[in-house]
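The chain contents come next:
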Amino acid sequence: MNIVIQGGRVIDPTQHWDEHADLYIQNGEITALGEAPAGFSADEVIDATGQIVCPGLIDLCTTLREPGLTRKGTIASESAAAAAGGVTTLVVTPDTQPVVETTAVAEMIQDRAADVGFTRVLPMGALTQGLNGEQLAPLHGLASSGCVAFTNMRNPFSSSQTLLRCLEYAATHDLLVVFQAQDRTLATNGCMHDDTTSTRLGLNGIPEAAETIEVSRCLLLVEQTGVRAHFGQLSCERSVRMIEAARERGLDVTADVAIQNLLLTDESVNGFNAAYHLQPPLRSQLDRAGLRQGLVTGTISAICSDHQPHDPIAKQAPFAATEPGMTGLETLLPLSLSLVEQQLIALPQLIETLTAAPARILGIEAGTLSIGSQADVCVFDPDAEWVVSEDSLRSAGKNTPFLGQTLKGQVNATLMDGRIVFRR
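Here the residue index of a chain counts from 1 through its sequence in written order. With the structure being a predicted model, the display of local features is reserved for residues of pLDDT at least 70 and the display and counting of side-chain atom pairs for 80 or more, all residues being used for whole-chain, interface and lining totals. Think of the side-chain values as coming from all heavy atoms in the structure, minus any hydrogens and water.

## Here's the deal with unusual backbone geometry
Of the consecutive residues Glu 66 and Pro 67, the connecting peptide bond is found in the cis state with omega at 10°. Locating Pro 67 in the fold gives a position in the loop between strand E6 (57–62) and helix H1 (75–84). The linkage connecting Gln 97 with the following residue, Pro 98, adopts the cis geometry, with an omega of 5°. Within the fold, Pro 98 resides in the loop between strand E7 (87–92) and helix H2 (103–116). Phi at Gln 343 takes a positive value of approximately 65°, unusual for a residue other than glycine. The secondary structure listing takes helices from DSSP runs of H or I that are at least 4 residues long and strands from runs of E that are at least 2 residues long, numbered from the N terminus. Examined against the element boundaries, Gln 343 turns out to sit in the loop between helix H11 (332–341) and helix H12 (347–354).

Given below as structure tokens:
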């Protein structure tokens, strides 16, 4: 199908392009920007007047729940939510049931996503068998089956020696390792940031050191092995400073942050609302300021949703007994746009953190509107307001602290490989 997206403000950080222009799509690829190619005849015209046209978003951390926990969400439901949020590429966690530790599971997830057809799904493979932190998973085979990175999530390793061997193997085969840094022994039984709010509420806290100690250990082993490493969903100001220092020493490390940690603090937990029970936890105002500073300076190069859908019963218990996480695919873009509204960063820089930067981290060809690239496109109205409600969310999970709030910024069309996968 030949498609032209007319009259929008096209922003593509990879080409330093930011101006009003028409975008032409032919055979699933971007064929022209500005003037129509010779002989082009449009089958479909998308009017983007007053809207932003940018590459499809790439979310570096999404939990799909399938296989195994389909009562919380399915590949179909969460892919549809992604398309409605302008996300065309999902990097998904390996904590399914069974775990993504065999080529069969990795291929099944990708095949199912391809059948559904709403978004591109790239699985992360388990770094160790069963995510148990003891024996190395078959990384090379998983990489051949489409796994773009490997992680043990927040599960502990049996020893630093085991982690070292995993990183040495990954470095040998040039595989990307993703850390979700947390010292399990320091975080045990904690359900929010350890500070005055947790003390006042009588809730067990997770100290900052639970993250920073693990970031420090991982950085030392990354330096020793030379592995490509990414630190996902940082929550502490000191973690950002350690990543910055490591990069200055020449380490090949990158980092991202979940949008909720850029906007909220532990003080939001007031009232025992389980929607605020998140992992990593919401930290202090100082930590939030440090994360924002890291975003401005580029130490943190990407923003993700850390999407974790839950069924209603998972949040219907005393705060500490509920399951952590929030749904975030459909709110990722509007919440991120609030950073532009607050004049923290400019719109082109924000779009880079959601598109080109994640693509660079993964080493994939995406996040661009350059001629000849796959036509993954997001068209959104930055001024449109909408209310977050159970009815407006396509995700099976309705667990978000932003339920009932009015957000600014709404996706009107999403294209993947030149196909319209969402249109409002």
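## Remarks on the packing of H1 against H2
Geometry is summarised by axes, namely lines fitted to C-alpha atoms with helices restricted to the contacting stretch, and by angles between N-to-C directions that run from 0 to 180 degrees. Following both chains from N to C, one finds H1 and H2 inclined at 60°, their axes separated by 10 Å at the closest point. Taken together, the axes of H1 and H2 are oblique relative to one another. Taken as a pair, H1 and H2 cross one another with a handedness that is right-handed. Across from Ile 75, Ala 76 and Ser 79 in H1, the residues of H2 making contact are Ile 109, Arg 112, Ala 113 and Val 116. A breakdown of the residues in the contact of H1 with H2 according to their chemical character gives five nonpolar, one polar and one charged. For classification purposes, an angle smaller than 35 degrees is called roughly parallel, one larger than 145 roughly antiparallel, one from 65 to 115 roughly perpendicular, and anything else oblique. Each helix crossing is assigned a hand: it is left-handed if the near helix lies turned anticlockwise from the far helix by less than a right angle, otherwise right-handed if that turn is clockwise. We call two residues in contact when some of their heavy atoms are within 4.5 Å. When residue character is reported, Ala, Val, Leu, Ile, Met, Phe, Trp, Tyr, Cys and Pro are called nonpolar, Asp, Glu, Lys and Arg charged, and the others, Gly included, polar.

## Description of the packing of aromatic side chains
Pairing of aromatic side chains here covers Phe, Tyr and the six-membered ring of Trp, requires ring centres within 6.5 Å, and sorts the geometry by plane angle: under 30 degrees stacked, over 60 edge-to-face, intermediate tilted. Throughout the structure, instances matching the rule amount to two aromatic pairs. The interplanar angle of 80° and the centroid separation of 5.1 Å between the aromatic rings of Tyr 24 and Phe 40 together place this pair among those described as edge-to-face. With Tyr 24 in strand E2 (residues 17–26) and Phe 40 in the loop between strand E3 (29–33) and strand E4 (44–47), this residue pair connects regions lying 16 residues apart in the sequence. Each residue's exposure class comes from its accessible area (1.4 Å probe, protein chains only) as a fraction of the maximum for that residue type: buried when under 20%, exposed when over 50%, partly exposed otherwise. Residue class for Phe 40 comes out buried when judged on its relative accessible area of 15%. Note on Phe 179 and Phe 231: the rings are 5.0 Å apart at their centroids and 35° apart in plane angle, and the pair reads as tilted. Of this pair, Phe 179 sits in strand E10 (residues 176–179) while Phe 231 is found in strand E13 (residues 228–231), placing the two residues 52 residues apart along the sequence. We note that Phe 179, like Phe 231, is buried.

## Description of the state of the cysteines
The definition used for a disulfide is geometric: two cysteine sulfur atoms within 2.5 Å. Applying the stated rule across the entire model yields zero disulfides. Note on Cys 54: no disulfide assigned, nearest cysteine sulfur contributed by Cys 378 at a separation of 4.4 Å. The buried category is assigned to Cys 54, whose relative accessible area is 1%.

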